[in-house]
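# Coordinates in review
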Amino acid sequence: MPSLQALTQLQDFAEQLIRNVERVIVGKRAAVEMAVVGLLSQGHLLIEDVPGVGKTMLARSLARSLGCSFSRIQFTPDMLPSDVIGVYIFDEATRRFEFRPGPVMAAIVLADEINRATPKTQSALLEAMQERQVTVDGVTHPLPQPFMVLATQNPIEYEGTFPLPEAQLDRFLLRIRLGYPQLEDEITIL
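As a starting point, this report considers the structure included with it. Keep in mind that this is a model prediction, so the values were computed, not measured.

## Quick notes on the pattern of salt bridges
Taken as a whole and judged by the stated rule, the model has nine salt bridges. Its salt-bridge partner being Glu22, residue Arg29 comes within 2.9 Å of it at the nearest N-O pair. Residue classification places Arg29 among the partly exposed positions, given a relative accessible area of 29%. For Glu22, a relative accessible area of 23% gives the class partly exposed. Here Asp112 and Arg72 are joined by a salt bridge, their closest N and O atoms 2.7 Å apart. With Asp112 in strand β5 (residues 108–112) and Arg72 in strand β2 (residues 70–74), this residue pair connects regions lying 40 residues apart in the sequence. A relative accessible area of 6% places Asp112 in the buried class. We classify Arg72 as partly exposed; its relative accessible area is 39%.

Spelled out as structure tokens, the structure:
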């Protein structure tokens, strides 16, 4: 059982992280808190909202505040699973296959507009999110620690979107919305 001192240190760390992210994400305290809760719980976050409300900026700000690696994957209908997890490529100079890691090999991964990809490509994240590793051609590659996927999703009624399968939705600890900023917050942003 963690000591009171350890819990106090964790609470101080979380508050400092929240304050730092709030320097960029204005007026969305609850959403920032949920992102930090997800990170500290080793969970993943699904952000559902319309374009232009700060979903990408939230993920980028969280990674920058932690000082860890960040990667953004822009999902599209023509994307392949290997575009996400990586691939082995033959190197003529060494006459060997070398692993070229995909963008999922970062501490904080923004899976932007995840529901624009086909279900097959969406499923490329399943192992990464559950096991914190990826397997390519039978070789397992561990992911960095911490590892968190922040996925954004436009509303399903938008054209060109695919609903996330239940197995994918199950990998997310939290599901939030940011919403448009209040008038006072817009003035502060400006």
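So that's the structure; there's more coming.
## With respect to the pairing of strand β6 (residues 133–136)
The alternating pattern of β6 places Val134 and Val136 on a buried face and Gln133 and Thr135 on a face that is not buried. Hairpin connection, β6 to strand β7 (residues 139–142): the antiparallel pair is bridged by two residues, and Asp137 has positive phi, about 50 degrees.

## Brief notes about unusual backbone geometry
The peptide bond linking Gln145 to Pro146 adopts the cis configuration, its omega dihedral lying at -5 degrees. One can find Pro146 in the loop between β7 and β8 (148–153).

## Section: the packing of helix α1 (residues 4–22) against helix α2 (residues 29–40)
Closest axis-to-axis distance for the α1/α2 pair is 10 Å, and the angle between their directions is 135 degrees. The angle between α1 and α2 places the two elements in the oblique class. Relative to α2, α1 is oriented so that their crossing is right-handed. Residues Leu10, Phe13, Ala14, Glu15, Leu17, Ile18, Val21 and Glu22 of α1 touch α2, and the partners they reach there are Arg29, Val32, Glu33, Val36, Leu39 and Leu40. Class assignment for the residues of the contact of α1 with α2 results in ten nonpolar, no polar and four charged.

## A few points about the sheet that holds β5
Read from one edge of the open sheet, five strands run β2-β5-β8-β1-β9, paired in parallel fashion. Edge positions in the sheet fall to β2 and β9 (174–176), since each has one partner strand and no second. When the angles between neighbouring strand axes are averaged without regard to direction, this sheet yields 15 degrees. Looking at chain direction, β5 and β8 are connected through four bridges and run parallel. If you follow Leu110 over to β8, its bridge partner there is Leu150. Against the sheet, α2 contacts β1 (45–48), β5, β8 and β9, and its axis sits at roughly 165 degrees relative to β9.

Parameters at a glance
Residues numbered from 1 in each chain as written. Predicted model: local features only at pLDDT ≥ 70, side-chain atom pairs only at ≥ 80, totals over all residues. Heavy atoms only, no water. Salt bridge = Lys/Arg side-chain N within 4 Å of Asp/Glu carboxyl O. Buried < 20%, exposed > 50% of the residue type's maximum accessible area, 1.4 Å probe, protein only. Helix = DSSP H or I, 4+ residues; strand = E, 2+ residues; numbered from the N terminus. Pairing = 2+ DSSP bridges. Axes fitted to C-alpha atoms, helices over the stretch in contact; angles between N-to-C directions. Parallel < 35°, antiparallel > 145°, perpendicular 65-115°, else oblique. Left-handed = near helix turned anticlockwise from the far one by under 90°. Contact = heavy atoms within 4.5 Å. Nonpolar A, V, L, I, M, F, W, Y, C, P; charged D, E, K, R; others polar.

Just distances and angles here, no functional claims.
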